[in-house]
Amino acid sequence: MTTWSLAIRNLLRNRRRSVATLLALAIGAASLLLFGGYIANIRYSLQSAYVRTGGHLQIQHRDFFLYGNGNPTAYGIANYHKLLQVIRDDPVLKDMVLVATPTLQFLGVAGNYEAAVSRTVVGMGYVAADVKRMRAWNDLHVRLGQDLAPFRLDGAPPDAALVGLGVARVLLLCNALKVANCPKPEGEPQVTGGRSLPADVAGLVEATMPSVPDGLPAPGGSARIDLLVSQTRGSPNVASINVLAAEGQGFKELDEVLVMLQLPQAQRLVYGRSPPRATSVMVQLRHTAQIAAASARLKILLAAFMPEQKLAVLDFELLNPFYVQSIQLFNTIFGFIFALIGGIVLFTVGNTMTAAVVERTVEIGTLRAVGLRQANIRRLFLAEGFLLGCVGAVSGALLALAIASTVNFAELTWLPPGSSEPLPLDIRVWGEVRMIAGTVLGLIAIATGSAWLPAYRAAKLKIVDALRHT
């Protein structure tokens with residue numbers, strides 16, 4: 001107890017120097033935690049976006065991830081309804097799985113032939129009701145912004161579709177879909193009179209247009225486009241689809257190519273009269289921490305019920321390498337900043353303790369003369385460094401919490417690189433126990449360690465030389 005009381009008194013002896021050291025520690029700790037909270041928000045936002053659109057896990061043919069984009073029909077999952085039923089009936093997965101739904105991905109050409117424009121697209125066939133439920137997932141409590149908007153395909157006619165903002169812009173659908181802030185080309189496209197779709201392809205369109213069930217609105221919504229797809233054996237298939245709206249996908253690259261359809265319509269386009277398949281089964285869990293357990297259980301079920309199809313279970317990190325690379329980049333930057341601030345703390349506390357040793361040389365000699373051991377002298381200065389680290393790091397953590405709360409309350413937005421939409425700016429410091437504890441303990445350890453060399457030199461002072469020091 002004497003060591004700690006002496007350490008506190010010695011720090012209060014030169015308040016100005018102690019306060020300057022504490023400020024350096026507090027500002028360093030606050031800066032680290034604020035940047036760490038910014039990284040945490042990015043991690044949670046990206047994870048939530050990927051989980052809401054693609055689930056935590058996807059069941060695919062083992063080669064679809066690498067080769068399926070070129071020929072999705074070759075890697076479809078047959079009898080996927082059986083797989084869905086197995087997942088929903090499994091007693092282990094029943095409490096983990098929120099949504100299990102099939103999806104079909106394919107490549108095609110979308111054309112607005114009345115405007116004489118077309119472009120290649122990536123089509124996604126969804127069960128709209130399931131996607132609506134997936135979009136409601138927010139286990140990480142991220143501010144969702146426009147993601148709270150309803151999924152327009154839910155309850156829509158069988159030929160309905162949604163497109164990315166870039167697709168709407170290229171196909172000149174902005175006016176029809178009432179897209180705001182949509183740039184127009186400087187020159188109007190040269191359009192010949194009437195519909196320019198070739199007669200044979202137009203006949204195919206009419207033959208493949210689905211009938212509308214009773215109770216659903218007739219086709220002819222905001223805009224119509226034609227979608228040309230290659231079928232199983234390479235033969236073309238085309239359908240006229242009713243575009244209900246254009247949705248921002250968050251990333252320009254996806255906005256430029258995405259077309260979302262009802263799953264039955266997509267299956268008719270790709271498989272024609274052949275038995276329909278799905279390229280993936282998306283599985284969304286209640287909590288991200290359940291990925292490992294759910295993945296292991298799914299592999300057991302696949303081996304037991306569908307061994308002939310060579311299916312694999314992929315998590316969202318493997319399916320979205322951009323997410324992993326982004327988090328690794330930010331973690332590297334955080335480590336670099338921690339090293340810089342740690343170096344500043346090291347030299348600041350070390351300089352403070354060295355000055356204290358010089359000023360208290362006579363005092364050290366007196367303590368040694370009355371019988372205080374060298375170990376006790378070292379312990380005294382290490383205690384001072386430890387106290388500086390504790391007070392400075394904890395003050396920095398409290399400062400970071402206050403600043404983060406102020407920023408979050410202001411509800412600011414920012415535009416991430418590669419994103420087409422501004423996102424809410426949150427700094428997630430509160431609740432990040434591991435980050436706060438790691439930062440605080442790390443800075444305390446650095447502050448204590450930086451006091452070791454001055455403490456060692458103080459303990460090695462000769463009593464006679466110390467007593468006659470002026």
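So, how was this worked out
- Residues numbered from 1 in each chain as written.
- Predicted model: local features only at pLDDT ≥ 70, side-chain atom pairs only at ≥ 80, totals over all residues.
- Heavy atoms only, no water.
- Helix = DSSP H or I, 4+ residues; strand = E, 2+ residues; numbered from the N terminus.
- Buried < 20%, exposed > 50% of the residue type's maximum accessible area, 1.4 Å probe, protein only.
- Areas by Shrake-Rupley, 256 points an atom, 1.4 Å probe, with all protein chains shown as cover.
- pLDDT = per-residue confidence, 0-100.
- Arc of directions from axis to C-beta.
- Contact = heavy atoms within 4.5 Å.
- Core = buried A, V, L, I, M, F, W, Y, C linked by side-chain atoms within 4.5 Å.
- Salt bridge = Lys/Arg side-chain N within 4 Å of Asp/Glu carboxyl O.
- Phe/Tyr/Trp six-rings, centres within 6.5 Å; stacked < 30°, edge-to-face > 60°.
- Lys NZ or Arg CZ within 6 Å of the ring centre and 35° of its normal.
- Patch = residues over 30% accessible without salt bridge, like charges linked within 9 Å, V, L, I, M, F, W, Y side chains within 5 Å.
- Polar contact = N/O pair within 3.5 Å; in protein donor to acceptor, adjacent residues only side chain to side chain.
- 1 Å grid on protein atoms, 1.4 Å probe; cavity = no way out; pocket = protein on both sides within 12 Å on 5 of 7 lines; lining within 4 Å.
- Points joined across faces, edges and corners; volume = space filled by probe spheres on them.
- Axes fitted to C-alpha atoms, helices over the stretch in contact; angles between N-to-C directions.
- Parallel < 35°, antiparallel > 145°, perpendicular 65-115°, else oblique.
- Left-handed = near helix turned anticlockwise from the far one by under 90°.
- Nonpolar A, V, L, I, M, F, W, Y, C, P; charged D, E, K, R; others polar.

Draft legend 1. Structural context of the overall build of the protein. The number of helices and strands found in the protein is 18 helices and 11 strands. For the protein, the proportion of its 470 residues judged to be buried stands at 47%. For the protein, the exposed surface amounts to about 23,700 Å²; the carbon and sulfur share of it is 61%.

Draft legend 2. The arrangement of the confidence of the model for the protein in detail. Considering every residue of the protein, the mean pLDDT works out to 82; 86% of them sit at 70 or more. Element-level pLDDT for the protein is lowest in helix H8 (residues 199-208), with a mean of 52, against a maximum mean of 94 in strand S8 (residues 280-285).

Draft legend 3. Main features of helix H17 (residues 452-460). Residues of H17 that are buried include every one of Pro454, Ala455, Ala458 and Ala459, and no others. One side of H17 holds all its buried residues, which, seen down the axis, span an arc of 135°. The inward-facing, buried residues of H17 abut helix H13 (321-359), helix H14 (361-369), helix H15 (374-410) and helix H16 (433-450).

Draft legend 4. Region of interest: the nonpolar core. With 105 residues, the main nonpolar core has Ile59, Ile87, Val163, Leu177, Leu227, Val283 and Phe381 as its most contacted residues. Here this core gets 13 residues from one element, more than from any other, and that element is H15. Listed in part, the 16 residues of the second largest apolar core include Tyr126, Ala245, Leu258 and Met260.

Draft legend 5. A look at unusual backbone geometry. Non-glycine residue Ala116 carries a positive phi angle of around 60°. Position of Ala116 relative to the elements: it lies in the loop between strand S2 (97-112) and strand S3 (117-126). The phi dihedral of Lys310 is positive, around 55°, even though this residue is not glycine. The residue Lys310 is located in the loop between helix H11 (291-305) and strand S9 (311-315) in this model. Of the residues examined, Lys310 reaches a relative accessible area of 44% and is grouped as partly exposed.

Draft legend 6. Broad picture of the pattern of salt bridges. A full pass over the atoms with the stated rule returns 8 salt bridges. Among the salt bridges present, the one from Asp130 reaches Arg133, with a minimum N-O distance of 3.8 Å. Taken together, the residues Asp130 and Arg133, both in helix H5 (residues 128-135) and 3 residues apart, mark about one turn of the helix. Residue classification places Asp130 among the buried positions, given a relative accessible area of 11%. The residue Arg169 makes a salt bridge to Glu256 at a minimum N-O spacing of 2.3 Å. On the criterion of sequence distance, the pair formed by Arg169 in helix H6 (residues 165-170) and Glu256 in the loop between helix H9 (252-255) and strand S7 (258-262) is long-range, its members being 87 residues apart. According to the relative accessible area criterion, Arg169 is partly exposed, its value standing at 29%. When salt bridges with common partners are traced through the structure, they connect Arg119, Arg169 and Glu256 into a single cluster.

Draft legend 7. Up close: the packing of aromatic side chains. All chains considered together, the criterion is met by 5 aromatic pairs. Cluster of aromatic residues (ring-pair linked, three or more members): Phe35, Tyr38, Phe330 and Phe334. Here Arg43 stacks its cationic end above the ring of Tyr44, 5.0 Å away from the centre of that ring.

Draft legend 8. Structural detail: a nonpolar patch on the surface. A cluster of nonpolar side chains, namely Phe65, Leu66, Tyr67 and Leu318, defines an oily patch on the protein surface of about 440 Å² accessible area. Residue contributions to the nonpolar patch peak at 3 residues, all from helix H3 (residues 64-67). Among the structural elements, Leu318 can be located in helix H12 (residues 316-319).

Draft legend 9. Representation of the side chain of Gln262. The topology assignment puts Gln262 in strand S7. Only 3.4 Å separates the side chain of Gln262 from the backbone oxygen of Ala156, close enough to count as a polar contact. Residues contacting Gln262, with those up to four places away along its chain left out, are Gly125, Tyr126, Ala128, Leu153, Ala156, Pro157, Pro158 and Ala160.

Draft legend 10. The arrangement of the environment of Leu298 in detail. Following the sequence through the fold, Leu298 ends up in helix H11. For the pair Leu298 and Ala312, spaced 14 residues apart in sequence, the C-alpha to C-alpha distance is 9.1 Å. Each residue touching Leu298, except ones within four places of it in the same chain, is listed here: Leu57, Ile59, Ile87, Leu93, Val283 and Val313.

Draft legend 11. Structural context of empty space enclosed by the protein. Counted according to the given criterion, the structure contains 1 cavity of 30 Å³ or more. Space inside the largest cavity adds up to approximately 90 Å³. Lining the largest cavity, in full, are Asn10, Leu11, Arg13, Asn14, Arg17, Ser18, Thr352, Met353, Ala356, Glu359, Arg360 and Glu384. For the lining of the largest cavity, the secondary-structure elements that each account for two or more residues are helix H1 (2-13), helix H2 (15-54) and H13.

Draft legend 12. Spotlight on the packing of H15 against H17. One can describe the packing of H15 onto H17 by two numbers: an axis separation of 8 Å at closest approach and a directional angle of 150°. When the axes of H15 and H17 are compared, the pair comes out roughly antiparallel. In this structure, H15 meets H17 at a crossing whose hand is right-handed. Here H15 contributes Gln374, Ile377, Arg378, Phe381 and Leu382 to the contact with H17, which in turn contributes Trp452, Ala455, Tyr456, Ala458, Ala459 and Lys460. Among the residues forming the contact of H15 with H17, the class breakdown is 8 nonpolar, 1 polar and 2 charged.

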